[in-house]
Amino acid sequence: MTSAPDAPEQGFRLSQLIYDTRYRSLTIQVVVLIAVMAAAGWLVDNTVRNLHALGKDFNFGFLWNRSGYDIAQYLIPYSNDSTHGRAMLVGLLNTVWISVLGCAAATVIGIFVGVLRLSKNWLVARLMTVYVETFRNIPVLLWILVSMAVLTEIAPGPNEYKVNPATGEASASMMLFDSVAFTNRYTAIPSASFGRSLGTIDTPLMPVSVDWVLVFAVLAVSIWANARFRKWADAVQESTGARPTTWWKSILIVLVPVVVVAVALGFRIHEPVLKGFNFVGGTNVSNSFVALWAGLSLYTGAFIAENVRAGILSVSKGQSEAAFALGLRPGRTMSLVILPQALRVIIPPLISQYLNLMKNSSLAIAVGYMDLRGTLGGITLNQTGRELECILLMMLIYLGLSLVISTVMNAFNRKVKLKER
Amino acid sequence: MIGKTSPSAPYVRKLMLDPLPPPAKASGVSLWLREKLFSSWGNAFLTVIGIGLIWLLVSHFAPWFLHGVWNADSLAACRKTIATTWGEGASGACWAVIRARWNQFIFGFYPAEIYWRPVLTFVLFLLALAPVLFSQLPRRLLWGSLVYPLVAIWLLWGGSVWPVAMIGVGFVIGAVLWRVLVAKNAILAALAAVVVPVLFWLFLTGPIDDLLGKVLPVSIQSVPSRQFGGFLLAIVLGAGGIVMSLPLGIVLALGRRSDMFLVKMFSIGFIEFVRGVPLIALLFVASLLLNYFLPPGTNFDIILRVMILVTLFSAAYIAEVIRGGLAALPRGQYEAADALGLDYWKAQRLIVLPQALKISIPGIVSSFIAMFKDTTLVTFVGLFEPLKSIPDTIRADFAWKGIYWEFFVFVGAIFFIINFGMSRYSMYLERKLKRDNR
């Protein structure tokens with residue numbers, strides 16, 4: 001917007017603020033800024049006056065007070081003598097836990113269904129279409145409630161697993177080689193322990209088992225070693241053209257150290273056994289958790305299936321034909337040609353599905369699973385009467401979680417993205 | 001060749017035979033079966049699993065469905081009827097509960113003697129929707145659609161007609177001011193068209209309502225928001241949210257792509273904040289925190305509060321969808337609009353948005369579907385939506401204690417029909433608007 005050199009020089013006029021494109025955007029921005037500030041000021045002023053009228057103040061001191069309520073599901077030690085802050089932390093960890101497990105299960109379901117929906121098998125493709133359309137078009141709340149109702153109304157009571165002495169049979173039987181039992185109160189699954197434990201270290205947050213730390217450290221080291229080994233194999237292939245056999249060596253490298261450490265520590269799996277009226281020996285997972293997990297995974301899985309299908313369809317047919325022409329087998333065509341290109345399309349919507357699942361996990365309220373909303377935004381809020389602090393803090397934490405998930409997944413996306421020139 | 005034979009040829013066949021049908025193995029049902037279901041061992045395996053799955057589902061649910069009882073006044077009566085007709089231990093659905101509580105599912109606790117009002121509103125809704133959805137209908141009908149929201153508000157909530165009419169008058173004042181002033185000065189006109197109606201609503205409507213209410217009292221029985229429920233509530237929230245979130249989403253998307261730094265930052269901040277928190281948190285803001293944020297003593301309608309928050313929530317998602325559409329538009333379109341000398345709003349209105357919105361139709365409709373599904377979450381702020389609150393209420397009645405599946409099937413089916421219909425309509429719209437401009 002340069003003016004012509006011979007334009008008559010004029011002083012600055014006020015109307016230029018509106019009519020001159022050089023200044024107009026500045027004017028608009030100033031007006032917007034003033035409007036937003038005024039609105040924010042108005043809201044804050046109202047809040048201050050309302051709080052004053054109610055005789056309340058705005059502080060987060062209550063987080064260090066005794067909570068006085070119990071939480072059924074906790075990942076770190078918690079009792080009703082713990083603080084509200086710790087209750088919040090328990091809820092946050094529960095939210096993270098259900099989100100992680102839900103994302104994992106939804107991804108598995110999504111990939112499975114998405115691929116099967118493209119199957120040449122007419123029946124299977126139709127079945128998967130019905131699954132996807134049914135789950136996508138009905139609210140997730142219904143699926144969570146249905147899962148809960150299946151567990152509480154249809155699953156047998158623990159005592160029905162008892163063998164009837166008269167008939168020699170139980171009216172309900174456990175699944176997966178007697179390791180899992182669905183009951184109307186909880187789901188009993190196996191648990192693991194170490195016979196020759198190295199003890200635990202008490203940290204302020206939670207006691208950390210040295211055994212598990214050791215096992216995971218060994219696993220991490222062997223995975224790293226395996227990566228080095230594969231790199232070496234790649235280098236050999238590059239220089240000689242023949243790839244050394246790697247598959248059984250890889251398996252050995254990854255598995256043997258972990259197994260050795262686990263055996264040395266006396267690793268055991270305890271299957272749940274019915275004793276008296278309840279299952280003992282394993283872990284009893286509350287039904288609210290299982291129902292929420294199933295509902296969220298099945299619902300989000302349907303969406304992920306659509307993303308996977310779209311991703312695979314987006315790779316043009318010429319790519320697979322070219323791969324076949326080069327002599328690649330179908331498996332390698334999938335892993336080397338189609339998948340890397342499909343992932344580029346699949347991952348961005350996958351990120352938002354993960355975010356949706358994390359946000360939908362707040363529907364835990366429907367089944368009584370104590371997530372962040374249940375502790376901080378639920379009982380703590382009701383007990384302390386500090387709605388403003390609790391809800392603002394809760395929203396900030398959810399916002400933080402969203403940012404973390406999208407940052408991590410975006411980093412992953414950059415890694416798998418095709419490098420275009 | 002035919003008809004011209006060389007005389008030396010002893011015999012040339014002139015009659016053409018009809019082509020034989022392909023062998024049985026390569027046609028018809030058997031071919032279809034072989035290609036689609038049993039093309040390989042793996043496929044055959046999948047087919048068997050699929051058939052097994054279908055059989056499992058059908059054998060479990062078909063009897064339950066078919067043994068359903070439609071006439072009973074309690075769950076016990078249902079079970080008795082099933083036991084006597086189908087034998088002891090037979091499973092069966094108790095559809096009678098849907099029949100008995102049909103009105104509650106549809107209207108919630110809306111006063112029974114004025115059910116005609118929501119019904120009329122719904123019929124008018126379909127009539128108002130028709131010209132919006134189908135462009136074959138005469139365009140003049142759109143005026144009816146414009147007036148419809150006010151009529152609906154009055155019919156549903158009732159009370160005096162004047163407050164609702166005054167809202168409409170405010171819009172008319174704005175439109176008239178714009179028409180009159182736009183030729184002289186567009187900025188003044190825009191300012192006047194916004195500010196004058198707002199001032200009118202803030203300061204003049206109250207006294208005028210009182211005056212007109214005394215002179216010409218036209219009023220119908222008023223219904224408080226807490227009595228709304230069932231699918232009436234879901235549709236009011238869903239339709240209201242859809243109508244309001246689309247324009248807001250467009251504005252936010254344009255703001256996010258604006259060259260103006262502050263406007264862009266505010267838009268990004270708003271969109272990312274809303275997309276980062278669960279809807280439940282925002283609903284709690286509506287039910288618990290709005291009282292803090294508004295001047296002391298304000299207490300406005302819970303449905304309106306929820307609808308505003310649902311609208312903001314949905315608008316953030318729609319903004320992102322439309323931003324995608326705007327980004328997908330070739331740069332040349334923007335440049336062409338500039339080259340034609342169109343100003344910002346004209347360029348957006350005539351060139352950019354029609355194309356960008358067309359591209360984003362599938363995403364926008366997905367957002368609408370998501371929002372309609374999310375209306376069920378209002379159960380957690382104490383509104384009577386049809387998925388959880390109404391069944392809970394019905395189960396509180398001793399006669400229907402312990403009944404679950406019938407509700408899930410019924411409510412799920414209605415949500416499925418509405419949402420599936422929306423997605424099919426979006427496909428129709430995509431096909432209709434498709435221009436193969438190569």
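Conventions adopted
- What you see as residue numbers is a count from 1 along each chain, following the sequence as written.
- Note on labels: chains are lettered from A, ligands numbered from 1, in written order.
- Since the coordinates come from a predicted model, pLDDT governs what is reported: local features require at least 70, and pairs of side-chain atoms require 80 or more to be given and counted, while whole-chain, interface and lining totals use all residues.
- Hydrogen atoms and water are omitted, and side-chain values are computed over all heavy atoms in the structure.
- Helix and strand assignments follow DSSP, with helices taken as H or I runs no shorter than four residues and strands as E runs no shorter than two, numbered in order from the N terminus.
- Three labels apply to residues, based on accessible area from a 1.4 Å probe with only protein chains included: buried if under 20% of the type maximum, exposed if over 50%, partly exposed otherwise in between.
- By definition, residues are in contact when any of their heavy atoms lie within 4.5 Å.
- Only the protein chains shown count as cover for residues, and the accessible areas themselves come from Shrake-Rupley with a 1.4 Å probe.
- Residues scored as positive are Lys and Arg, those scored as negative are Asp and Glu, and His as well as the terminal groups of each chain are ignored.
- All charge positions are set by atom: Lys at NZ, Arg at CZ, Asp at CG, Glu at CD.
- In what follows, a disulfide is any cysteine sulfur pair within 2.5 Å.
- The term buried area refers to how much accessible surface (probe radius 1.4 Å) is lost by two components on association, counted for both of them together.
- Whenever Lys or Arg places a side-chain nitrogen within 4 Å of a carboxyl oxygen from Asp or Glu, that contact is recorded as a salt bridge.
- N or O atoms within 3.5 Å of each other form a polar contact, as long as, within protein, one can give a hydrogen and the other can take it, and as long as residues adjacent in sequence are counted only when both atoms are side-chain atoms.
- Residue type decides the class: Asp, Glu, Lys and Arg count as charged, Ala, Val, Leu, Ile, Met, Phe, Trp, Tyr, Cys and Pro as nonpolar, and the leftover types, Gly among them, as polar.

- Under an unreviewed UniProt entry, chain B has the name Amino acid ABC transporter permease and belongs to Paenirhodobacter enshiensis.

- In the nomenclature of an unreviewed UniProt entry, chain A corresponds to Amino acid ABC transporter permease from the organism Paenirhodobacter enshiensis.

1. Comments concerning the overall build of chain B
Right, on to step 1. The helix and strand tally for chain B stands at 17 helices and 2 strands.
Right, on to step 2. With the C-alpha coordinates aligned to their principal axes, the bounding extent of chain B is approximately 110 × 75 × 45 Å.
Right, on to step 3. Relative to its 438 residues, chain B shows a buried fraction of 39%.
Right, on to step 4. Taking contacts inside chain B between residues at least 6 apart in sequence as the whole, the part at least 24 apart equals 73%.
Right, on to step 5. Here chain B displays about 24,800 Å² of accessible surface, and carbon together with sulfur accounts for 71% of that area.
Right, on to step 6. Here chain B contributes 37 positive and 21 negative side-chain charges, whose respective centroids are spaced 9 Å apart.

2. So, the state of the cysteines
Residue and element names in this part refer to chain B.
Right, on to step 1. With the rule as written, the count across this model stands at 1 disulfide over all chains.
Right, on to step 2. The disulfide partner of Cys78 is Cys94, and the gap between their sulfur atoms is 1.9 Å. Between Cys78 and Cys94, the S-S torsion sits near 70°, and that sign places the bridge as right-handed. Here the residue Cys78 occupies a position in helix α3 (residues 75-86), and Cys94 occupies one in the loop between α3 and α4 (96-100), the gap between them amounting to 16 residues.

3. Description of the interface of chain A and chain B
Right, on to step 1. The interface is formed by 57 residues belonging to chain A together with 55 residues belonging to chain B.
Right, on to step 2. When the area that chain A buries against chain B is broken down by residue, the three leading residues are Gln29(A), Asn137(A) and Met395(A), summing to 12%.
Right, on to step 3. Counting the contacts that link chain A with chain B gives 0 salt bridges.
Right, on to step 4. Here chain A is connected to chain B by 18 residue pairs in polar contact (both at pLDDT 80 or more).
Right, on to step 5. Broken down by element, the side of chain A that touches chain B gets its largest block of residues, 14 residues, from helix α2 (residues 21-54) of chain A.
Right, on to step 6. In terms of residue class, the side of chain A that touches chain B is made up of 36 nonpolar, 12 polar and 9 charged.

4. Focus: the environment of Val367(A)
All names here are of chain A.
Right, on to step 1. Note that Val367 resides in the loop between α10 (330-360) and α11 (372-384).
Right, on to step 2. Exposure remark for Val367: the relative accessible area of 11% places this residue in the buried category.
Right, on to step 3. Separated by 338 residues in the primary sequence, Val367 and Gln29 have C-alpha atoms spaced 47 Å apart.
Right, on to step 4. If sequence neighbours within four positions are ignored, Val367 has contacts with Ile144, Met148, Ser288 and Leu292.

5. Brief notes about the side chain of Glu406(B)
All names here are of chain B.
Right, on to step 1. Following the sequence through the fold, Glu406 ends up in helix α17 (residues 405-433).
Right, on to step 2. At 7.6 Å, Arg79 is the nearest oppositely charged side chain to Glu406, a buried residue that forms no salt bridge.
Right, on to step 3. A distance of 2.8 Å separates a polar side-chain atom of Glu406 from the backbone nitrogen of Cys94.
Right, on to step 4. If we skip the residues at most four places from it in the chain, Glu406 touches Trp64, Gly92, Ala93, Cys94, Trp95, Val97 and Ile98.

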